[in-house]
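# Examination of the molecular architecture
So you can see what is in the structure, the chains are spelled out below.
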Amino acid sequence: QYHTSMAPVTKDLPVHGASITSFDRYGDSRGYFNELFNEDKYDDSLRKEWKQVSFSSSQKHALRGLHCSPYGKFITCVRGAFYDVIADFREESPTFGRWCGVLLTEENKKQVFVPARCGHGFFTIVDDTCALYLQEGTFNPANEADTHPLDPLFGVKWPIPQGVTPVMSAKDVAAPSLCVRRPHLSNLEPRGRVLIIGGSGQVGGALMAAFGERNCIGTYAATKVEGMIQFDMEQAAMNPQLADELMRTVYPTLVLICAGFTWVDGCEAKPAKANQMNNRGPAVVAAAARAHGARTVWYSTDYVFDGGVQAESGPYSETDATCPLNVYGSSKLQGEMQVLEADPTALVIRTNVVFGPEAVGKNFVYQLMRKLRAGESMNVPCDQVNTPTYNRDLAEATKLLTETAASGVFNIGGGEGLGR
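This is a predicted model, so every value here is computed, not measured.

### Details of the overall build of the chain
Regarding its fold elements, the chain presents ten helices and 23 strands. Relative to its full complement of 420 residues, the chain shows a buried share of 46%. The contacts in the chain between residues at least 6 apart in sequence include a share of 75% that link residues at least 24 apart. Element-wise, carbon and sulfur atoms account for 53% of the exposed surface of the chain, whose accessible area totals about 20,300 Å². Each charge class in the chain can be summarised by its mean position, and for the 39 positive and 46 negative side chains these summaries are 4 Å apart.

### Some thoughts on the packing of helix α5 (residues 241–250) against helix α7 (residues 271–291)
Their axes nearest at 9 Å, the elements α5 and α7 cross at an angle of 40°. The orientation of α5 with respect to α7, classified from their angle, is oblique. Crossing angle aside, the handedness with which α5 passes α7 is right-handed. From α5, A243, D244 and M247 reach across to α7, where they touch V284, V285, A288 and A289.

### Looking at the pattern of salt bridges
Counted by the stated rule, this structure contains 15 salt bridges. With a closest N to O distance of 3.5 Å, D128 and R79 form a salt bridge. Taken together, the positions of D128 in the loop between β11 (119–124) and β12 (129–135) and R79 in strand β7 (residues 73–79) put the pair 49 residues apart, joining distant regions of the chain. Residue class for R79 comes out partly exposed when judged on its relative accessible area of 39%.

### Some thoughts on empty space enclosed by the protein
Applying the stated criterion to the full structure yields two cavities of 30 Å³ or more. A volume near 30 Å³ is recorded for the second largest cavity. Forming the walls of the second largest cavity are H67, S69, Y71, G72, K73, V114, P115 and C118. Across the lining of the second largest cavity, the residue classes tally to four nonpolar, three polar and one charged.

### Focus: the layout of surface pockets
Estimates place the volume of the second largest pocket at around 850 Å³. Forming the walls of the second largest pocket are 30 residues, and the residues nearest its centre are K11, S22, K110, L242 and E245. Taken together, the elements giving at least two residues each to the lining of the second largest pocket come down to β1 (9–12), β2 (19–22), β9 (99–105), β15 (229–230) and α5. Of the residues forming the lining of the second largest pocket, the biggest block, six residues, is contributed by α5. Tallied by class, residues from the lining of the second largest pocket come to 14 nonpolar, eight polar and eight charged.

### Considering the pairing of strand β13 (residues 194–197)
Of the two faces of β13, the one holding V194 and I196 and the one holding L195 and I197 are both buried throughout. By the bridge criterion, four bridges tie β13 to strand β16 (residues 254–257) in an arrangement that is parallel. Across the sheet, I196 pairs through a bridge with L256, a residue of β16.

About the criteria used
Residues numbered from 1 in each chain as written. Predicted model: local features only at pLDDT ≥ 70, side-chain atom pairs only at ≥ 80, totals over all residues. Heavy atoms only, no water. Helix = DSSP H or I, 4+ residues; strand = E, 2+ residues; numbered from the N terminus. Buried < 20%, exposed > 50% of the residue type's maximum accessible area, 1.4 Å probe, protein only. Contact = heavy atoms within 4.5 Å. Areas by Shrake-Rupley, 256 points an atom, 1.4 Å probe, with all protein chains shown as cover. Lys, Arg positive; Asp, Glu negative; His and termini not counted. Charge placed at Lys NZ, Arg CZ, Asp CG, Glu CD. Axes fitted to C-alpha atoms, helices over the stretch in contact; angles between N-to-C directions. Parallel < 35°, antiparallel > 145°, perpendicular 65-115°, else oblique. Left-handed = near helix turned anticlockwise from the far one by under 90°. Salt bridge = Lys/Arg side-chain N within 4 Å of Asp/Glu carboxyl O. 1 Å grid on protein atoms, 1.4 Å probe; cavity = no way out; pocket = protein on both sides within 12 Å on 5 of 7 lines; lining within 4 Å. Points joined across faces, edges and corners; volume = space filled by probe spheres on them. Nonpolar A, V, L, I, M, F, W, Y, C, P; charged D, E, K, R; others polar. Pairing = 2+ DSSP bridges.

Okay, here's the thing in structure tokens:
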């Protein structure tokens, strides 16, 4: 008898309305059996009125697409492997002009939903690669609007090996760019590809504003944020494949890591989590980013110092000796070393007491305001002096440093020393 499988899990992709589904597999000594769709088990977003089932077989290094249909498609690799791409052609969409990719293989048990009116294509990795499509509509050549797979407006990073000429149909070779189909788009600049891990936090939000939301893809860990995709740093620390899959999906040019475990008392209580979030996880992400051609920026803390008397007055410099006094500081110092070991060209930014506008309202200023409004007192250190850092200033400084290709460790703080 087959074992009981887990229900399929569906997550959003960076293109609005697109998703990736991970499914389980029933198997025994005879082989396996797959449910490629079950309306009682699959996510509500995939319960469509499927009108057509299609099947394609392709040789190695075949490049199909970008094909645009007026209906959605749900795609499974049933043999071989291919890199599946979704490009947003919908001008009214919040992600118009963005693309993302997913590696689909017969082993990795993943499926992709392509929304209607998006471009879709794939590049095959091995011979005899077969894809199965569920379609919301029936194929009619008159309703299809193909676009060239190398359209510069999208700049898809197809995993075509150096020296290989992809096998394409005459129709796909002759397909125009989107700007030829729509001349009013001729002056549109391609989107940037900045990945902000922890984009839902206060530093992440400031970075989104500095680099431009159009150019950024943000992530959240637990609480879903509209327009962002899910990524758990703690899980990635234990399973580096998650970081590799994220890079393959986004193909960023720059990765900004502002997610971490920053609760100082919590780090004392949960040192394993502190190390997963503050050093092992960031190092795994930096290594994956480097493997996919992206640079990494990671944020550290003034807690790597002991706060003792210095030889010279003034804020700490990058060359001052580090001496963390707690788990949080130690985990971050290890993070500095591990991130730079994973990518020697990475940029590590130490900062302190970050404040400013944020959706969640967790920083020190928000906490103080809530206490005061409630007529409550707040216990704070009386012997601690910092240079509080406005999150928008930190983001702008980060942008300036990345534009100069800076690497190594930089201390960035506000211009005024203040006690709590």
